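Letter by letter, the chains look like this.
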Amino acid sequence: MATLEIKDLHVEIDGKEILKGVTLTINTNEIHAIMGPNGTGKSTLASAIMGHPKYEVTSGSITIDGEDVLEMEVDERAKAGLFLAMQYPSEITGVTNADFLRSGVNARREEGDEISLMKFIRELDSKMEFLEMDEDMATRYLNEGFSGGEKKRNEILQLMMLKPKFAILDEIDSGLDIDALKVVSKGINEMRGEGFGCLMITHYQRLLNYIEPDHVHIIMQGKIVKSGGPELAAKLESEGYDWVKEELGIDDETVGQEA
Ligand SMILES: Nc1ncnc2c1ncn2[C@@H]1O[C@H](COP(=O)(O)OP(=O)(O)OP(=O)(O)O)[C@@H](O)[C@H]1O
Ligand SMILES: [Mg+2]
């Protein structure tokens with residue numbers, strides 16, 4: 001078992017505090033969902049964990065099995081087993097999807113222990129078939145001209161090829177048609193198990209109908225304000241966030257970042 005531990009994390013962007021003390025522990029074999037109104041810091045949390053240079057951690061800690069993640073460079077974080085599926089995956093012209101995946105796989109292996117081309121291709125083929133992806137997606141430039149849903153499916157292909165210990169999936173369900181939502185969920189459920197922990201950022205219950213989370217958290221004003229089980233997501237779906245705000249005495253005007 002491995003543990004990703006986030007303790008009292010404070011993060012600033014351009015001198016403005018966005019995360020105001022996030023504490024969250026994710027073990028492998030657990031799926032966590034984090035929900036919250038727009039602009040409350042969900043993607044900021046994902047970026048801070050991955051080490052995006054724009055997001056400055058001013059205090060708090062992130063560790064994997066006690067090892068300081070904040071001390072690691074971005075590539076070291078990937079090697080330590082972290083993976084982020086971005087809310088808006090970027091396009092990289094000139095790098096094919098297959099090449100990108102292969103270097104990603106190799107970057108996570110020790111030098112001299114690179115995956116053989118044959119083995120890589122075999123695995124890529126089988127994962128693409130599993131995710132019902134067209135073969136030409138492998139030879140196209142990374143995400144270039146991919147539809148919104150194709151990009152999300154491609155993030156799951158990366159997840160399945162790279163097999164991280166911990167994945168953060170930022171709105172992996174946004175823009176997916178109903179069939180694609182099922183395929184993407186199938187991919188995540190396939191990863192589920194001993195060596196894999198996941199934090200899914202989502203706005204909607206529908207994703208959680210396919211992937212039942214062990215824990216659900218609500219983030220508001222840069223803090224996790226409530227945690228529970230799947231019933232919490234169901235309640236948000238039917239009632240929105242007003243009851244949470246009321247419970248916490250949060251003024252509607254301040255729910256975003258202007259608090
Ligand atoms: N690079 C940036 N530069 C300036 N402000 C930023 C940047 N990234 C995030 N912010 C601000 O930080 C706040 C939190 O943004 P974040 O993207 O984390 O929200 P979110 O919870 O993911 O929202 P959504 O549900 O809309 O995706 C917002 O007010 C946003 O404008
Ligand atoms: Mg976001």
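One structure accompanies this document, and this report is about it. (Residues numbered from 1 in each chain as written. Chains lettered and ligands numbered in written order. Predicted model: local features only at pLDDT ≥ 70, side-chain atom pairs only at ≥ 80, totals over all residues. Heavy atoms only, no water.)

1. Some remarks on unusual backbone geometry
- You will see that Asp14, though not glycine, has its phi angle at about 45 degrees, which is positive.
- Along the chain, Asp14 turns up in the loop between strand E1 (3–13) and strand E2 (16–27).
- With phi around 50 degrees, Asp65 is a residue other than glycine that occupies positive phi space.
- Residue placement: Asp65 occurs in the loop between strand E4 (55–64) and strand E5 (67–68). (Helix = DSSP H or I, 4+ residues; strand = E, 2+ residues; numbered from the N terminus.)

2. Some remarks on the pairing of strand E11 (residues 215–220)
- Where burial is concerned, most of E11 is hidden: five out of the six residues are buried.
- Sheet topology note: the strand E3 (residues 31–35)/E11 ladder contains four bridges and is parallel. Residue Ile34 lies in a different strand from E11, and its bridge partner there is His217.
- For E11 and strand E12 (residues 223–228), the ladder comprises five bridges, and the chain directions are antiparallel. When the bridges of E12 are listed, His217 appears paired with Ser227.
- From the end of E11 to the start of E12, which pair antiparallel, there are two residues, and Gln221 there has a positive phi angle of about 50 degrees. (Buried < 20%, exposed > 50% of the residue type's maximum accessible area, 1.4 Å probe, protein only. Pairing = 2+ DSSP bridges.)

3. Points about the sheet that holds E3
- Overall, mixed pairing links the six strands, which are arranged E6-E9-E10-E3-E11-E12 in an open sheet. A strand with exactly one partner marks an edge of an open sheet, and here the two such strands are strand E6 (82–85) and E12. Averaged over all neighbouring strand pairs, the angle between strand axes comes to 20 degrees, with direction disregarded.
- Contacts from helix H1 (residues 42–50) reach E3, E6, strand E9 (166–170), strand E10 (197–201) and E11 within the one sheet, and its direction differs from that of E6 by about 145 degrees. (Axes fitted to C-alpha atoms, helices over the stretch in contact; angles between N-to-C directions. Contact = heavy atoms within 4.5 Å.)

4. Focus on H1
- The element H1 is extensively covered by neighbouring structure, given that eight of its nine residues are classed as buried.
- All buried positions along H1 are accounted for by Lys42, Thr44, Leu45, Ala46, Ser47, Ala48, Ile49 and Met50.
- A positive phi of about 90 degrees marks Gly51, the residue just after H1.

5. A look at helix H3 (residues 97–107)
- Within H3, burial applies to Asn97, Ala98, Leu101, Gly104, Val105 and Asn106.
- Taken together, the buried residues of H3 touch strand E7 (92–96), helix H4 (117–130), strand E8 (141–142) and helix H5 (148–162).

6. Section: a negative patch on the surface
- Judged by side-chain charge, Asp125, Glu129, Asp134, Glu135, Asp136 and Glu150 come together as a negatively charged surface patch.
- In this fold, Glu150 is placed in helix H5. (Patch = residues over 30% accessible without salt bridge, like charges linked within 9 Å, V, L, I, M, F, W, Y side chains within 5 Å. Areas by Shrake-Rupley, 256 points an atom, 1.4 Å probe, with all protein chains shown as cover. Salt bridge = Lys/Arg side-chain N within 4 Å of Asp/Glu carboxyl O. Lys, Arg positive; Asp, Glu negative; His and termini not counted. Charge placed at Lys NZ, Arg CZ, Asp CG, Glu CD.)

7. Observations concerning the coordination of the magnesium ion (ligand 2)
- The protein atoms that coordinate the magnesium ion (ligand 2) are Ser43 (OG) and Gln87 (OE1), at distances spanning 2.0 to 2.2 Å. Here the residue Ser43 occupies a position in helix H1, and Gln87 occupies one in the loop between E6 and E7, the gap between them amounting to 44 residues.
- Residue Ser43 is classed as partly exposed on the basis of its relative accessible area of 25%.
- Judged by relative accessible area, Gln87 falls into the buried class, the value being 17%. (Donors = N, O, S within 2.8 Å, 3.2 Å for Na, K, Ca; no water.)

8. Remarks on the packing of H4 against H5
- Closest axis-to-axis distance for the H4/H5 pair is 10 Å, and the angle between their directions is 135 degrees. Taken together, the axis directions place H4 and H5 in an arrangement best described as oblique. H5 is crossed by H4, and the crossing has right-handed handedness. Taking contact as the criterion, the partners of Phe120, Glu123, Leu124, Lys127, Met128 and Phe130 in H4 are, on H5, Leu157, Met160 and Met161.
- For the contact of H4 with H5, the residue count by class is seven nonpolar, no polar and two charged. (Parallel < 35°, antiparallel > 145°, perpendicular 65-115°, else oblique. Left-handed = near helix turned anticlockwise from the far one by under 90°. Nonpolar A, V, L, I, M, F, W, Y, C, P; charged D, E, K, R; others polar.)

9. Considering the side chain of His217
- Take His217: it is sitting in strand E11.
- Accessibility expressed as a relative area gives 6% for His217, which makes it buried.
- Here His32 takes part through its side chain, which lies 2.9 Å from a polar atom of the side chain of His217.
- Contacts of His217, omitting those with residues within four sequence positions, involve Leu24, His32, Ala33, Ile34, Met35, Ile224, Lys226 and Ser227. (Polar contact = N/O pair within 3.5 Å; in protein donor to acceptor, adjacent residues only side chain to side chain.)

Geometric values such as these leave the question of function open.
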